[in-house]
Amino acid sequence: MTEKEGIPQAPFYLYSFLAVLFGVLNAVTGPVIPEFEQQANVGAAGIGEVFAYRGFGSMTGGLVTGFILDAVPNPHSVLIVLLVVKAAVELTMPWGDSLALLGAQFFTIAFCANAIATVTCTSVAWTYGKLMGLQMNIMNAVFGIGAATAPMLCAVFRHLDSRAVFSYWA
């Protein structure tokens, strides 16, 4: 890995892969909502609260990560921590048996997801400077591809185990 001004260069293929996963996990929530309602024993109006937690987590993740990236010399160390936390919380999604627990899970996943997006986009901008347009467009396109595959992924998990919530494990 080469360095420019002490900042490790962006591994663009890894970032593109993360954008695909971000797209999948961002869009998998919709098909899984009925299962979350059953898990938390709430109706459609009650489960809507998790979207508030998700939105607040996403805003907080982007803001906090921006400040962290200004303070740390290597953005990849931040990325590793975020990936580990996000993966750990996603593994617990099938057992969110209360609205408070689901809210905390959605907050944490959204925090980490937007923070990961912030790290990857910032790293691409630091690496490519004014020439980052193509890389950013590719990352946005593969995010869309990931989001488009989420319903199919849920269908596969529903077929295999009758619970699409396990799509978070993919």
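Treat the numbers as computed from the prediction; the structure is a model and nothing was measured. (Residues numbered from 1 in each chain as written. Predicted model: local features only at pLDDT ≥ 70, side-chain atom pairs only at ≥ 80, totals over all residues. Heavy atoms only, no water.)

1. Quick notes on helix α1 (residues 12-27)
Part 1: Between its first and last C-alpha atoms α1 spans 23 Å; for 16 residues at 1.5 Å apiece the expected length is 22 Å, and the two agree.
Part 2: Here α1 has its buried residues at Phe12, Tyr15, Ser16, Leu18, Ala19, Gly23, Val24 and Leu25.
Part 3: Packed against the buried residues of α1 are α2 (29-40), α5 (75-91), α6 (99-128) and α7 (133-161). (Helix = DSSP H or I, 4+ residues; strand = E, 2+ residues; numbered from the N terminus. Expected span 1.5 Å × (residues − 1). Buried < 20%, exposed > 50% of the residue type's maximum accessible area, 1.4 Å probe, protein only. Contact = heavy atoms within 4.5 Å.)

2. Looking at the environment of Asp97
Part 1: The residue Asp97 is located in the loop between α5 and α6 in this model.
Part 2: Sequence spacing of Asp97 and Val24 is 73 residues, and the spatial spacing of their C-alpha atoms is 23 Å.

3. With respect to the nonpolar core
Part 1: Core analysis: the biggest nonpolar cluster contains 18 residues, and Tyr15, Leu79, Leu82, Val119, Val124 and Met139 have the highest contact counts within it.
Part 2: Every element with two or more residues in this core is listed here: α1, α5, α6 and α7.
Part 3: Per element, the largest residue contribution to this core is six residues, and it comes from α6.
Part 4: By size, the runner-up hydrophobic cluster in this structure holds 17 residues, among which are Ala40, Val50, Val89 and Leu99. (Core = buried A, V, L, I, M, F, W, Y, C linked by side-chain atoms within 4.5 Å.)

4. Considerations on the packing of α2 against α7
Part 1: The contact between α2 and α7 brings their axes to 9 Å, and the two run at 40°. One way to sum up the angle between α2 and α7 is to call them oblique. Contacts between α2 and α7 involve Pro31, Val32 and Glu35 from the former and Pro151, Cys154 and Arg158 from the latter. (Axes fitted to C-alpha atoms, helices over the stretch in contact; angles between N-to-C directions. Parallel < 35°, antiparallel > 145°, perpendicular 65-115°, else oblique.)

5. Some thoughts on unusual backbone geometry
Part 1: Phi at Asn41 is positive, roughly 55°, even though this residue is not glycine.
Part 2: Relative to the helices and strands, Asn41 resides in the loop between α2 and α3 (44-47).

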